[in-house]
Amino acid sequence: MAFDYDLFVIGAGSGGTRAARVAAGHGAKVAVAESFRIGGTCVIRGCVPKKLLVYGAQFADAFADSVGFGWTPQLPRFDWTKLIANKDIEIARLETAYTANLTRANVTILKTRAVLQDAHTVRVLADDRRIRAKNILIATGAWPGMGTGIAGIEHVISSNEAFHLTGLPKRVLVQGGGYIAVEFACIFAGLGSDVTLVYRGENILRGFDDDVRAHLRTEMERRGIKVICKRIVEAVETVDHGLCVELSDHGDIVVDTVMFATGRRPNVAGLGLEAAGVRLGDKGAIEVDAYSRTSVPHIYAVGDVTDRLALTPVAIREGHAFADTVFGNKPTAVDHIDVPTAVFSEPEVGVIGLTETQARERFNKVEIYKMTFRPMKTVFLGSEARMLMKLVVDGATDRVVGCHIVGPDAAEIIQALGVAIKMGATKADFDATMAVHPTVGEEFVTMRTMTASYIREAAE
């Protein structure tokens, strides 16, 4: 059977581009189709532009804090239009770089939408061509979910549109309690907006350690963000002076912008998965095995479309592992255990491993080491902001099974500590490591006092 390509990739995001380049490096003839822009969610409308906005929002604190260190700054003035324009320039540069990397790898780039017709045939919509491929990889990512339809949903934006607002809104309501909701609430607040965060659950950041959730919420509220839990938005309507948001407790809030960040859904609509026989799970994600193979032998899927771990580095690792497995004669299954992650809120959150609750469910004995303190940088400022550091230890083996941080540079610290946790470091290993002084990170190797210990009684 003749094939036009050894591999056809649908979606040129982080996972798809890595898979295409590595497969081509193994000698495969590869094509990739992308209907929007090369780079996908992370580069174009996700992690990268978000982090640039985070940097921009942090300067308000930097200007204010500098006074405590002897500076007499002029009153700064923020220009949203300039920040967005500079963000767009950087995103365009990165898209060009991604495109160049694919081209250098001899990957054919098709700027069009592509859909499956059967297990080996892809229809390219731009010119209605049929392309035969020996293997097909679906890497179409996820798309913002706007929840159930409510009155006035047409007035609500998602994170996609937030990157292209023509001006900084004075009053913002963000619905959601996960990464994106918390990060954008902090971005808008840092840039000067009056922010309200509405979340249906008991507390923000569901799935994170309870101490992390409580600590971050306290710090966000200290910074002026109004956090309303156990509520949802039920309607949005235009009024003379903005948007009137009706909550489930029948309270009203008038704002200028309403943003929903209630989770992202696997981007599978209209891909022809049924025609090809690709099976979806209960949540609408593509079901795959440990090697990213779908229910159809020659069709694979990586990244957010599979709903394993919706993180860019995970998608990249999955794409690389797929290419090594199928084209490099090196079967590789991605390990999704002990993956470090960060929330770029203000203050930042960095975590790896188990929460205290998870550890207590899994191990017979759990030891907790926790401390909160004022970072050295804030001593001159009279700030009440505090940092949280927490270690969760398996009491039977002394292995550190969870590490949690809320505070400055949490993301950088957790990336470094991720190596130790992945290697199975014990609390004794942490204790034996010399501190770098003065740093906030040193606290992890100087925590000697256990703050809590739990022993699970054996079942009768």
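The structure displayed is predicted, hence computed values, not measured ones.

Criteria and thresholds
- Residues numbered from 1 in each chain as written.
- Predicted model: local features only at pLDDT ≥ 70, side-chain atom pairs only at ≥ 80, totals over all residues.
- Heavy atoms only, no water.
- Phe/Tyr/Trp six-rings, centres within 6.5 Å; stacked < 30°, edge-to-face > 60°.
- Helix = DSSP H or I, 4+ residues; strand = E, 2+ residues; numbered from the N terminus.
- Buried < 20%, exposed > 50% of the residue type's maximum accessible area, 1.4 Å probe, protein only.
- Lys NZ or Arg CZ within 6 Å of the ring centre and 35° of its normal.
- Pairing = 2+ DSSP bridges.
- Contact = heavy atoms within 4.5 Å.
- Axes fitted to C-alpha atoms, helices over the stretch in contact; angles between N-to-C directions.
- Right-handed = clockwise from strand over helix to strand, strands pointing away.
- Left-handed = near helix turned anticlockwise from the far one by under 90°.
- Nonpolar A, V, L, I, M, F, W, Y, C, P; charged D, E, K, R; others polar.
- Patch = residues over 30% accessible without salt bridge, like charges linked within 9 Å, V, L, I, M, F, W, Y side chains within 5 Å.
- Areas by Shrake-Rupley, 256 points an atom, 1.4 Å probe, with all protein chains shown as cover.
- Salt bridge = Lys/Arg side-chain N within 4 Å of Asp/Glu carboxyl O.
- Core = buried A, V, L, I, M, F, W, Y, C linked by side-chain atoms within 4.5 Å.
- 1 Å grid on protein atoms, 1.4 Å probe; cavity = no way out; pocket = protein on both sides within 12 Å on 5 of 7 lines; lining within 4 Å.
- Points joined across faces, edges and corners; volume = space filled by probe spheres on them.

Engineer: Give me the lowdown on the packing of aromatic side chains, citing residues and values where you can.
Structural biologist: Under the counting rule described, the total for this entry stands at six aromatic pairs. The interplanar angle of 55° and the centroid separation of 4.9 Å between the aromatic rings of Tyr300 and Phe322 together place this pair among those described as tilted. One end of the pair, Tyr300, is in strand S17 (residues 299-301); the other, Phe322, is in helix H9 (residues 312-327), and 22 residues separate them in sequence. Residue classification places Tyr300 among the buried residues on the basis of a relative accessible area of 6%. Seen in terms of ring centroids, Phe322 and Phe327 are 6.1 Å apart; in terms of plane orientation they differ by 85°. Their pairing is edge-to-face. Each member of the pair, Phe322 together with Phe327, is buried. Ring pairs connect the aromatic residues Phe163, Phe184 and Phe188, which therefore count as one cluster. Lys29 extends its terminal NZ or CZ atom over the ring of Tyr5, reaching a point 5.2 Å from the ring centre.

Engineer: Can you lay out the sheet that holds strand S11 (residues 226-229) for me, pointing to particular residues and giving the numbers?
Structural biologist: Spatial ordering of the open sheet is given by S8-S15-S9-S10-S11, a layout of five strands whose pairing is parallel. Bordering the open sheet on either side are strand S8 (156-157) and S11, each of which pairs with just one other strand. Across five bridges, the pairing between strand S9 (residues 171-175) and strand S10 (residues 194-199) is parallel. Considered in S10, the bridge of Val174 is made with Leu197. Most of the contacts of helix H6 (residues 179-191) go to S10, to which it runs at about 165°, and overall it touches S9, S10 and strand S15 (257-260).

Engineer: Please provide a residue-by-residue account of the pairing of S11, values included.
Structural biologist: Looking at chain direction, S10 and S11 are connected through four bridges and run parallel. Paired with Val198 across the two strands is Ile228, which belongs to S11. In this view, the connection linking S10 to its parallel neighbour S11 by way of helix H7 (residues 210-222) has right-handed handedness.

Engineer: So what's going on with the packing of helix H3 (residues 47-66) against helix H4 (residues 80-104)? Residues and values would help.
Structural biologist: If you want to describe how two helices pack, look at the angle between their axes and the distance between the axes. H4 packs onto H3 with a crossing angle of 145° between their chain directions and a minimal axis gap of 10 Å. Two packed elements cross with a definite hand, and for H3 against H4 that hand is right-handed. Only Trp80, Leu83, Ile84, Lys87, Glu90, Ile91 and Leu94 of H4 make contact with H3, whose side of the interface consists of Val48, Pro49, Leu52 and Leu53. Classifying every residue of the contact of H3 with H4 by side-chain character gives nine nonpolar, no polar and two charged.

Engineer: Which residues make up a nonpolar patch on the surface, and what values go with them?
Structural biologist: Together, Phe69, Trp71, Met376, Val379 and Phe380 line one region of the surface with nonpolar side chains, adding up to about 640 Å² of accessible area. By the element assignment, Phe69 lies in the loop between H3 and H4. In this structure Phe69 comes out as partly exposed when scored by relative accessible area, which is 43%.

Engineer: Hey, could you go over the environment of Leu173 for me, with residue numbers and the actual values?
Structural biologist: Topologically, Leu173 is positioned in strand S9. Separated by 242 residues in sequence, Leu173 and Gln415 place their C-alpha atoms 32 Å apart. Apart from the residues within four sequence positions on either side, Leu173 is in contact with Thr196, Val198, Val233, Val245, Ile253, Val255, Thr257, Val258 and Met259.

Engineer: Describe the sheet that holds strand S12 (residues 233-239), with residues and values.
Structural biologist: Taken together, the three strands give an open sheet; going across it, the order is S12-S13-S14, and neighbouring strands pair in antiparallel fashion. Of all strands in the sheet, those bounded by a partner on one side alone are S12 and strand S14 (252-255). With strand direction ignored, the average angle separating the axes of adjacent strands in the sheet is 25°. In this sheet, strand S13 (residues 242-247) lies alongside S12 in antiparallel orientation, the contact comprising six bridges. By the bridge assignment, Ala235 is partnered in S13 with Glu246.

Engineer: Any details on the nonpolar core? Residues and values, ideally.
Structural biologist: The biggest cluster of nonpolar side chains holds 41 residues, and the ones touching the most others in it are Leu197, Met220 and Val349. Sort the elements by how many residues they give to this core and H6 lands first, with eight residues. Apart from residues no more than four positions distant in its own chain, Leu197 is found in contact with Val174, Gly176, Ala181, Val182, Ala185, Ile204, Met220, Ile225, Lys226, Val227 and Ile228. In terms of nonpolar packing, the next biggest core, distinct from the first, is built from 24 residues, Ala31, Leu110, Ile131 and Val296 among them.

Engineer: Describe the layout of surface pockets, listing the residues and the values that go with them.
Structural biologist: The method is simple in principle: a probe with the dimensions of a water molecule rolls over the atoms, and the space it marks as empty is what remains. Of the voids in this model, the second largest pocket is the one considered here, and its volume is about 1,000 Å³. Surrounding the second largest pocket, 36 residues form its lining, Asp65, Glu346, Lys377, Thr378 and Pro408 being those nearest its centre. For the lining of the second largest pocket, the secondary structure elements donating two or more residues are H3, H7 and helix H11 (410-422). Across the lining of the second largest pocket, the residue classes break down as 15 nonpolar, seven polar and 14 charged.

These values are about where atoms sit, not about what they do.
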